[in-house]
Structure formats: structure tokens, C-alpha cells
Amino acid sequence: MSGTAGNPWDAPAPEGEGRPSAYGLLPEDLAEAPGSRPEHVFARLQRPWTWREEGPCLARPAREWLAEHFDCGLPERVESHPSEDGATKVVLRLRDGERIEAVHMPRDVRNPRVTLCLSSQVGCAMGCTFCATGAMGIRRNLSAGEIVGQVVALIRALGPVQPHAITLVFMGMGEPLHNLDNVHRAIRILNHPGGLNISTRRITVSTSGLVPAIERLALMRPRPWLALSLNATTDEARSRVMPVNRVWSLARLRAALDAWGLAPGEKFLLEYVLLAGENDTPEDADRLADWLGELRTGHNINLIRMNEHPASSFRQPPEASLQAFLDRLKERGCFVTVRKSRGRDVQGACGQLLK
Ligand code: SAH
Ligand code: SF4
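Nothing here was measured: the structure is a model prediction, and the numbers come from that model. What you see as residue numbers is a count from 1 along each chain, following the sequence as written. Here every chain gets a letter starting at A, and every ligand a number starting at 1, in the order they are written. Totals for whole chains, interfaces and linings use every residue, but because this is a predicted model, local features are given only for residues with pLDDT of at least 70 and side-chain atom pairs only at 80 or more, for both listing and counting. Only heavy atoms go into the side-chain values, all of them from the structure, while hydrogens and water stay out.

Enquirer: Whenever I open this one, unusual backbone geometry confuses me. Can you help?
Expert: For residues other than glycine, phi is negative in most cases, and the peptide bonds are mostly trans. Backbone torsion omega between Gly159 and Pro160 reads 5 degrees, so that peptide bond is classified as cis. Only DSSP runs of H or I reaching four residues or more are called helices, and only runs of E reaching two or more are called strands; each is numbered from the N terminus. With respect to the helices and strands, Pro160 occurs in the loop between helix 4 (144-158) and strand 7 (166-170). Here the amide bond leading from Arg221 into Pro222 is cis, since omega sits at -5 degrees, within 30 degrees of zero. Note that Pro222 resides in the loop between helix 6 (211-218) and strand 9 (225-229). Residue Asn197 is not a glycine yet carries a positive backbone phi of 60 degrees. Here Asn197 lies in the loop between helix 5 (180-191) and strand 8 (203-207).

Here it is as C-alpha cells:
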């Protein structure tokens, strides 16, 4: 759908002025770096724990060549909001002054594993009525360098120092499949064995359901895991809360999952935000299980409490409704967990990311 002139959902391209970001480069783009192997320059750029105070630790010719052709600046950390639960919401300023948010979530104090929640766009075009980012509208896509730059900036500021301990979720601002080319290039870079080498099993792209982009991503390699924000079980209700459903219905979405072709061990993550009085009855739970149908072993359902915020009138249901919903799904043989929202007290939880 992107690229069609006049489409109200078209996302403006990444900020194009000046030199491209050095963090959006693969080793093959660094072949002309003088005096250093391209793989070495790439590794230095991608692994911030090898840096000196002033940045990537490179011999002078390579450093000067990079600075001449590329922008070596990371998105600038302008705010840091540590939450009581250990997560930190970070506000990053991009070169053109736009701001995005990313969340750093360590597993716990003794465990160095970290999940980074990344943004893919400034704002979002999808207009889901429960989401704070949706209320902003779309400002622009992020470039691959800006997406990778979030990861490098977060690791540099907050750790970890072990690349194997990183999990990435594209669940911050924006619809990643509305910016698929840049998101995929960023995934290629982040998955590259010469850089952070993050396994595709630890990269999850969450979508509101852009069916043509799901179909494209299904064929791309490396291929991340897919999360689908379902959030309703009838087309009527889903179209009400997620306008994207007016274009691609629940049946089209289900067919796209069938066509994905799960690899051994791979699963779909289904996200379901419980909205009081809209999608939270046991009948909804039944319809959800029916919709899943044959996907018995290939899914995990994440129930999410609505994070309330001023841009939406939706409220979270009482705990008893959540429990009844959960029980019903379990009775129906679904794999289901309730998401522990991180960073709520600093507005860093799902759907609260707002400039
Ligand atoms: N645009 C993508 C990824 C970003 S949103 C998508 O929609 O999947 C990440 C998750 O946050 C989605 O599952 C979305 O349904 C959820 N979310 C949005 N607003 C929320 C809110 N107010 N409370 C809880 N979860 C919310
Ligand atoms: Fe965009 Fe996702 Fe929010 Fe919907 S839920 S408005 S797709 S960020």
C-alpha cells in the first residue's frame, strides 16, 4: 500500500538531508574504507562495548573516511526515565529534531538478558483507537540507520555487554510493516554474524495486520518472528478499534498466517489488548480460539491489560473478566500468558509511547 500517491496512510520517507548514517551500513558498503578490513569497521561500529569515550575505536584513515562519507552520530539520548520495575524508557532525538522512544528492559537484576523495545516510525498511520502513538498520526519512517542506531545507543548507555543476551521487539512507536524495507535492512544488520549477531528467533516484529506486507516478509531472509495484534474477534469490532481491518479482514489475516509457513520451533505471537466492554467476554475468547483453528501448536497468546492514557477513552476490564477470558482460552487448548507490562509508571508500557 505504501508508495501509492494520495494514499492517506503513506508514510513520509526518512529524513534525507546530509550523509547517510554509518549504522545503516553492511560490511559490503564499507569495502572502500582505507587501511582496515570492511568486516573490522562494521564490527567496531556495531559493538559499542569496544568503543572509546569518543566513539568507535578505529585507525585514523578509516575513521576519517567514515566521517567524510557518513554520519557517525547516534540518536541522541535526551531523556531517560527509569521505572521502578527496572525498565528504562529513553527518548532519543534524531538528526532532524524528531523524537522517538525506546524501552530497555533487563530480565532482572541478576540476569544480564535484556529486551529492547524499538520504534520503527515517528508516530503511526494506523489510527488504532486504544493507542497513544496512533493518536499522533504519522510523521515519517525511520531509516535503517536510525533503527540500528536505537539499539547501539541503548546498549552503549545501559548495556548489556554480551550480545547473546539481547532480544529485540518491534513494539515501540510505529507500524514496522508500514516501513518494511528499512526495518528489514535493520534486521539484516542486527542479525549479521560480524556485528551484534542477534538470532532471528530473538527478533519479533509486531504488526496490526498489513496483509500484503506480511506476505512479503514471509519470503524474506533473514526472517524474524511475527507478532500479530489481534485485539478483537469480529470484523465489526476489529474495524472499530483498528481501522486497518476495514482493508484486510480477520479471514484475510488468518489466510496470511497459513501462507507464512512456520519453521520448526517457530510460533506466532498473538497480542490481545483487553478493552473493557469491547472485546473482553468469554464469547470473544471462544471466537479467538475458533479463529486460531488448526494453529494449535504454533501460537502463543499474550493478553495485555489496556494501559490507560488521556488519548483514549478505553479502560482495562476488571481482573475477574481478564481471569475468565484467560480460563476460557486455556479450556479451549490455547497457549496463553498475561503480559507483565514494564515501565508503566514512566509511560513506557505498550501503547503509551507518545512524544
Ligand atoms: N504497530 C505494531 C507495533 C507497535 S504497538 C502493532 O500494532 O502491533 C505494540 C503493541 O502494543 C500492540 O500489540 C498493540 O496492540 C499494543 N497496544 C497499543 N496500545 C495499547 C494500550 N493502550 N495498552 C496496551 N497495549 C497497547
Ligand atoms: Fe500503530 Fe500499533 Fe498503535 Fe495501532 S497499535 S496505532 S498499529 S503503533
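Alright, that's what it looks like, and here's the rest.
Enquirer: Can you walk me through the packing of aromatic side chains in this structure?
Expert: Two measures describe an aromatic ring pair: the distance that separates the ring centres and the angle between the ring planes. Here is the rule: rings of Phe, Tyr and Trp (six-membered ring for Trp) pair when centre to centre is within 6.5 Å. Planes less than 30 degrees apart are stacked, more than 60 are edge-to-face, and the remainder are tilted. In total, this model carries 4 aromatic pairs according to the counting rule given. Either the NZ atom of lysine or the CZ atom of arginine qualifies as a charge over a ring when it sits within 6 Å of the ring centre and within 35 degrees of the ring normal. The residue whose ring lies beneath Arg254 is Trp291, and the NZ or CZ to ring-centre distance is 5.9 Å.

Enquirer: Can you walk me through the pattern of salt bridges in this structure?
Expert: Any two side chains of opposite charge can pair, on the condition that their charged atoms come close. Any Lys or Arg side-chain nitrogen found within 4 Å of a carboxyl oxygen on Asp or Glu counts as a salt bridge. Applying the stated rule across the entire model yields 25 salt bridges. The partner of Arg240 in a salt bridge is Glu278, and the shortest N-O contact between them spans 2.7 Å. You can see Arg240 sitting in helix 7 (residues 235-241) and its partner Glu278 sitting in the loop between strand 10 (268-274) and helix 9 (282-292), a full 38 residues away along the chain. Exposure remark for Arg240: the relative accessible area of 43% places this residue in the partly exposed category. Each of Asp286, Asp290, Arg328, Glu331 and Arg332 takes part in one network of salt bridges that share partners. When a residue's accessible area, from a 1.4 Å probe over protein chains only, is under 20% of the maximum for its type it is buried; when over 50% it is exposed; and in between it is partly exposed.

Enquirer: Can you walk me through the pairing of strand 1 (residues 76-82) in this structure?
Expert: Walk down a regular strand and you will see the side chains alternate between the two sheet faces. Between any two strands, at least two bridges found by DSSP are needed for them to pair. Direction of pairing for strand 1 relative to strand 2 (residues 88-93): antiparallel, over a ladder of 6 bridges. When the bridges of strand 2 are listed, Glu76 appears paired with Arg93. Taking the residues between adjacent antiparallel strands as the criterion, strand 1 and strand 2 are bridged by 5 residues, where Gly86 takes a positive phi near 100 degrees.

Enquirer: Sorry, what's going on with helix 2 (residues 60-69) here?
Expert: One turn of an α-helix holds 3.6 residues; hence residues three or four places apart share an orientation. Every buried residue of helix 2 is listed here: Ala62, Trp65 and Leu66. Mapping the buried residues of helix 2 onto a view down its axis gives an arc of 100 degrees, with all of them on the same face. Away from its buried face by more than 90 degrees, helix 2 exposes Arg60 and Glu68. Looking at the buried positions of helix 2, the neighbouring elements they touch are helix 1 (38-46). In this context, the arc is that of the directions from the helix axis out to the C-beta atoms. Working rule for contacts: check all heavy atoms of both residues, and any pair within 4.5 Å makes them a contact.

Enquirer: Please explain the site of ligand 1 as it appears in this structure.
Expert: What makes a residue near a molecule or strand is one non-hydrogen atom of that residue sitting within 4 Å of it. Ligand 1 sits among 22 residues. The nearest are Phe130, Gly174, Ser206, Ser229 and Asn307. For accessible areas, the Shrake-Rupley method is used with a probe of radius 1.4 Å. Any residue's cover is judged against the shown protein chains and nothing else. Contact with the protein chains hides 96% of the accessible area of ligand 1, taken as 530 Å² for the molecule alone. Residue assignment for the shell around ligand 1 shows that the elements contributing at least two residues are strand 8, strand 10 and strand 11 (299-305). Three categories are distinguished: nonpolar for Ala, Val, Leu, Ile, Met, Phe, Trp, Tyr, Cys and Pro, charged for Asp, Glu, Lys and Arg, and polar for the others, with Gly belonging to the last. Its residues assigned to classes, the shell around ligand 1 comprises 9 nonpolar, 10 polar and 3 charged.

Enquirer: Is there a simple way to think about the pairing of strand 10 in this case?
Expert: With 7 of 7 residues buried, strand 10 is to be regarded as a mostly interior element. With 3 bridges joining them, strand 9 and strand 10 adopt parallel strand pairing. Bridged to Leu228 within strand 10 is Leu270. Taken together, the 7 bridges between strand 10 and strand 11 define a ladder with parallel strand orientation. In the strand pairing of strand 11, Val273 is matched with Ile304.

Enquirer: Could you clarify how one ought to interpret the side chain of Asn231 in this entry?
Expert: As for its placement among the helices and strands, Asn231 is situated in the loop between strand 9 and helix 7. Asn231 gets classed as buried once you look at its relative accessible area, which sits at 2%. The term polar contact refers here to a pair of N or O atoms within 3.5 Å; inside protein, the definition further demands a hydrogen-donor-capable atom paired with an acceptor-capable atom, and it admits residues adjacent in sequence only when both atoms are side-chain atoms. A polar contact of 2.9 Å, which involves the side chain of Asn231, links it to the backbone nitrogen of Val273. Excluding residues that lie within four positions of it along the chain, Asn231 makes contacts with Phe130, Val241, Met242, Glu271, Tyr272, Val273 and Asn279.

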